[in-house]
Amino acid sequence: MRHSFTVRVGPIGFRVGSAWRAPVAALELLYAGYPTPAIPDHNVRLEPARPWRRIVRPSVTLAGDYWLPEAAPLPLSQALLAAEMGMNLQVALGCRRFLLLHAGVVERDGRALVMTGESGSGKSTLAALLSTRGWRLLADEFALVEPATGLIHPFPRPVSLKNESVAVLGAVLPEARFGPLLRGTPKGDICHLIPDAAALARVDEPARPVLLLFPRYGFAPAVREVPASEAFVRLTGASTNYQALGEAGFVTLTRLVRGVRGAAVDYPDTATALAQVEALWG
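Okay, so let's go over this structure. A quick note: this is a predicted structure, and the numbers were derived from the prediction, not measured. (Residues numbered from 1 in each chain as written. Predicted model: local features only at pLDDT ≥ 70, side-chain atom pairs only at ≥ 80, totals over all residues. Heavy atoms only, no water.)

With that settled, the discussion passes to the overall build of the protein chain. Counting secondary structure elements, the protein chain contains nine helices and 17 strands. Taking 2.2 N^0.38 as the reference for a compact globule, 282 residues should give roughly 19 Å; the C-alpha atoms of the protein chain span a radius of gyration of 19 Å, in line with that estimate. The burial tally for the protein chain puts 52% of its 282 residues in the buried class. Within the protein chain, residue pairs in contact and separated by at least 24 positions form 68% of the contacts whose partners lie at least 6 positions apart. Looking at the protein chain as shown, the accessible area adds up to about 12,500 Å², and 56% of this sits on carbon and sulfur atoms. Here the protein chain holds 29 positive side-chain charges and 24 negative ones, and the gap between their average locations is 4 Å. (Helix = DSSP H or I, 4+ residues; strand = E, 2+ residues; numbered from the N terminus. Rg over C-alpha atoms; globule rule 2.2 N^0.38 Å. Buried < 20%, exposed > 50% of the residue type's maximum accessible area, 1.4 Å probe, protein only. Contact = heavy atoms within 4.5 Å. Areas by Shrake-Rupley, 256 points an atom, 1.4 Å probe, with all protein chains shown as cover. Lys, Arg positive; Asp, Glu negative; His and termini not counted. Charge placed at Lys NZ, Arg CZ, Asp CG, Glu CD.)

Spelled out as structure tokens, the structure:
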């Protein structure tokens, strides 16, 4: 690769190689202030499908330690999205040190709130909004649950905001906290929110989970308790490596749902959701 970028996010290090300079420059701005790893854990490559596609109608094919052969290339203007997708893919398929849960996580007073749900449930938006209200952002994409201790280790990647969420956060945060707006991606308009200095300063400080939240956006306000059995089933579906971890995954997840309160919330807008979160937390 002609250009490369390395970064450490919590306990996981990445090396991103690119045939173009632009994606690396975008990553350098988005991850300014992050530490660098001594040895990267995962590798991502952004390269053209054919040599001439580096210059003529340039398009980015995603490769790395793990890749999806059927994945369609993205235009060079969306190479930052390709890089982020590649980093996610390496963790989802290659990480065995932690039980992975697709979730947003925030922390306050050493205790963690874990939010997980289907795409569009609003977990990323809620995690970002809570991080503006005195909570520390631990993670947006993956919760890293350590099997030996049950603690959640920080993985504060830039928060991927989609469509209406961009305007919601843009109304309360300065422009300097945002990466470039990527329009017309397969997931709609995307913009990344850069974690604040507090999240980066405490990137090696784990937290103990005390509340599992299953949010659902677009419904009348409602709150209900989620029993451990239901939480277990939901979280097996939210984990990318539960089966790969075998017995360790089962023991870790069982301990989590038995020891942590679970709740489901329906909400019509973010103001309602934030009030629900504070009430449950209190």
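Resuming the write-up.
This part covers empty space enclosed by the protein. In the structure shown here, the tally under the stated rule is one cavity of 30 Å³ or more. Estimates place the volume of the largest cavity at around 40 Å³. Around the largest cavity, the lining residues are Ser-131, Leu-137, Val-159, Arg-177, Leu-193, Pro-195, Asp-196 and Ala-199. (1 Å grid on protein atoms, 1.4 Å probe; cavity = no way out; pocket = protein on both sides within 12 Å on 5 of 7 lines; lining within 4 Å. Points joined across faces, edges and corners; volume = space filled by probe spheres on them.)

What follows covers the nonpolar core. Counting 62 residues, the largest nonpolar core has Tyr-31, Phe-155 and Leu-212 as the members making the most contacts within it. At eight residues, helix H2 (residues 79–94) tops the list of elements feeding residues into this core. Those residues in contact with Tyr-31 that sit more than four places away from it in its chain are Phe-5, Val-7, Val-9, Glu-84, Met-87, Arg-157 and Pro-158. Leu-129, Phe-178, Leu-211 and Leu-213 belong to the second largest nonpolar core, which has 29 residues in total. (Core = buried A, V, L, I, M, F, W, Y, C linked by side-chain atoms within 4.5 Å.)

Turning our eyes to something else, we now look at the sheet that holds strand E15 (residues 208–217). Working definition: the strands of a sheet are paired by backbone hydrogen bonds and lie parallel or antiparallel to each other. Pairing is mixed across the open sheet formed by six strands, whose spatial order is E9-E7-E8-E15-E17-E16. Each edge of the open sheet carries a strand with a single partner, namely strand E9 (136–139) and strand E16 (222–225). Here the average twist between neighbouring strands, direction ignored, is 25°. Summarising the sheet, strand E7 (residues 104–108) and strand E8 (residues 111–115) pair through five bridges and their orientation is antiparallel. By the bridge assignment, Glu-107 is partnered in E8 with Ala-112. Most of the contacts of helix H6 (residues 228–238) go to E15, to which it runs at about 75°, and overall it touches E15 and E16. (Pairing = 2+ DSSP bridges. Axes fitted to C-alpha atoms, helices over the stretch in contact; angles between N-to-C directions.)

Looking now at the packing of aromatic side chains. In this structure the tally under the stated criterion is seven aromatic pairs. On the numbers, 6.4 Å between centres and 45° between planes, the contact of Phe-14 with Phe-155 is tilted. Note that Phe-14 is positioned in strand E2 (residues 12–18) and Phe-155 in the loop between strand E11 (152–153) and strand E12 (159–162), a separation of 141 residues in sequence. For Phe-155, a relative accessible area of 0% translates into the label buried. Plain terms: the ring middles of Phe-232 and Tyr-242 are 6.1 Å apart, the flat faces sit at 90° to each other, and that makes the pair edge-to-face. One end of the pair, Phe-232, is in helix H6; the other, Tyr-242, is in helix H7 (residues 242–245), with ten residues separating them in the sequence. Classification of Tyr-242 by relative accessible area gives buried; the value is 16%. (Phe/Tyr/Trp six-rings, centres within 6.5 Å; stacked < 30°, edge-to-face > 60°.)

Of note in this structure, Arg-57 is not a glycine but carries a positive phi near 45°. Its location among the elements puts Arg-57 in the loop between strand E3 (42–47) and strand E4 (59–64). Note on Arg-57: relative accessible area 60%, which makes it exposed. A positive phi angle, near 50°, is found at Asn-163, a position not held by glycine.

The next point concerns the layout of surface pockets. Approximately 400 Å³ is the volume found for the second largest pocket. What lines the second largest pocket is a set of 20 residues, among which Gly-117, Phe-214, Pro-215, Arg-216 and Arg-234 lie closest to the centre. Contributions of two or more residues to the lining of the second largest pocket are made by E15, E16, H6 and strand E17 (261–267). Here the element with the most residues in the lining of the second largest pocket is E15; it accounts for four residues. Class assignment of the residues belonging to the lining of the second largest pocket gives a composition of eight nonpolar, seven polar and five charged. (Nonpolar A, V, L, I, M, F, W, Y, C, P; charged D, E, K, R; others polar.)

With that out of the way, let us pick up the sheet that holds E2. In spatial order, the strands read E1-E2-E3-E4-E5; together these five strands make up an open sheet with mixed pairing. Only two strands of the sheet have a single partner each, and these edge strands are strand E1 (3–9) and strand E5 (74–75). Sheet topology places E1 next to E2; seven bridges connect them, and they run antiparallel. Bridge assignment links Ser-4 to a residue of E2, and that residue is Gly-17. The strands touched by H2 are E1, E2, E3, E4 and E5; relative to E3, the strand with the most contacts, the crossing angle is about 145°.

Take it as geometry only, folks, not as evidence of what the structure does.
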